[in-house]
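# Geometric and topological summary
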Amino acid sequence: MTTGQIPDRTMSEAEVGQKWAEVVEEVTRERARIIVEQGGVPVAAVISADELDRYKRLDREAQERMTALLERARAPYQGKSDEEIMEEVGKVIEEVRAEMREEARREAEDGSVS
């Protein structure tokens, strides 16, 4: 096992129930993650409180980055009506379509030259 890597172990729901004290011990002391399966399908996981805190922090940071990205994307359109925004979107779509038509035309010309 690579240093710093948390091992995953898969157990059935019944086995987790029978060995709950061992599961908690393994998760807290060995820093393992237990994947719980029902009928061979993963349905839950048992992780340490520290690992849960880490996931929460990562989730919060990702949410903050997404919020900042959306705010930057909205900035150019502040104060514009929905109609103005839709007009701009339409122009961009038409530009992309024109570029795609031009690219297809070039590819067709290149194919016919061979």
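Think of each chain on its own: its residues are numbered from 1, step by step along the sequence as written. Reporting in this predicted model follows two pLDDT cut-offs: at least 70 for local features of residues, and 80 or more for side-chain atom pairs to be given and counted; totals over whole chains, interfaces and linings ignore these cut-offs and use all residues. Side-chain figures throughout are based on the complete set of non-hydrogen atoms in the structure, without hydrogens or water.

### Considering a negative patch on the surface
Residues qualify for a patch when their relative accessible area is over 30% and they have no salt bridge, like charges being joined within 9 Å and the nonpolar side chains of Val, Leu, Ile, Met, Phe, Trp and Tyr within 5 Å. The protein chains shown are the only cover counted for residues, whose accessible areas, like all others here, come from Shrake-Rupley with a 1.4 Å probe. Between Lys or Arg on one side and Asp or Glu on the other, a salt bridge is scored when a side-chain nitrogen of the former is within 4 Å of a carboxyl oxygen of the latter. Think of it this way: Lys and Arg go in the positive column, Asp and Glu in the negative one, and His and the chain ends go nowhere. Where a charge sits is defined by one atom per residue type, namely NZ (Lys), CZ (Arg), CG (Asp) or CD (Glu). A cluster of acidic side chains, namely Glu 95, Glu 99, Glu 103, Glu 107 and Asp 110, defines a negative patch on the protein surface. Numbering of helices and strands starts at the N terminus; helices are DSSP runs of H or I of at least 4 residues and strands are runs of E of at least 2. Of note, Asp 110 is situated in helix α4 (residues 82-113). Throughout, exposure labels follow a simple rule: accessible area from a 1.4 Å probe, protein chains only, divided by the maximum for the residue type, with under 20% read as buried, over 50% as exposed, and the rest as partly exposed. Judged by relative accessible area, Asp 110 falls into the exposed class, the value being 56%.

### A look at the nonpolar core
Grouped together as the largest cluster of nonpolar side chains are seven residues: Met 11, Val 16, Val 23, Val 27, Ile 34, Val 36 and Val 46. In this analysis, two residues are considered to be in contact whenever any of their non-hydrogen atoms come within 4.5 Å of each other. With residues near it in sequence (within four places) discarded, Val 16 still touches Met 11, Val 23, Ile 34 and Val 36. Among the buried residues, those of types Ala, Val, Leu, Ile, Met, Phe, Trp, Tyr and Cys that are joined through side-chain atoms within 4.5 Å form a nonpolar core.

### Some thoughts on the sheet that holds strand β2 (residues 33-38)
A pair of strands is considered paired only if DSSP assigns at least 2 bridges between the two. The mixed open sheet is built from three strands, whose spatial order is β1-β2-β3. Single-partner strands in this sheet number two, and they are β1 (8-12) and β3 (41-46). The average angle at which neighbouring strand axes cross in this sheet is 30°, direction not considered. Sheet topology note: the β1/β2 ladder contains five bridges and is parallel. With axes taken as lines fitted to C-alpha atoms, and helix axes fitted only over the stretch in contact, angles between N-to-C directions fall between 0 and 180 degrees.

### Thoughts on the packing of aromatic side chains
Two rings from Phe, Tyr or Trp (for Trp, the six-membered ring) form a pair when their centres are within 6.5 Å of each other. A pair whose planes differ by under 30 degrees is stacked, one over 60 is edge-to-face, and the rest are tilted. This model, assessed by the stated rule, comprises zero aromatic pairs. Across the ring face of Tyr 55, the terminal group of Arg 54 is positioned such that the distance to the ring centre comes to 5.2 Å. Whether a charge lies above a ring is judged from NZ of Lys or CZ of Arg, which has to be within 6 Å of the ring centre and within 35 degrees of the ring normal.

### Comments concerning the side chain of Glu 51
Mapped onto the secondary structure, Glu 51 falls in helix α3 (residues 49-74). Here a polar contact is recorded for every N or O atom pair within 3.5 Å, except that within protein the pair must consist of a potential hydrogen donor and a potential acceptor, and residues adjacent in sequence are included only if both atoms are side-chain atoms. Within the local environment of Glu 51, its side chain forms a polar contact with the side chain of Arg 33, the two groups lying 3.4 Å apart. Beyond its immediate chain neighbours, meaning those up to four positions away, Glu 51 contacts Ile 6, Arg 31 and Arg 33.

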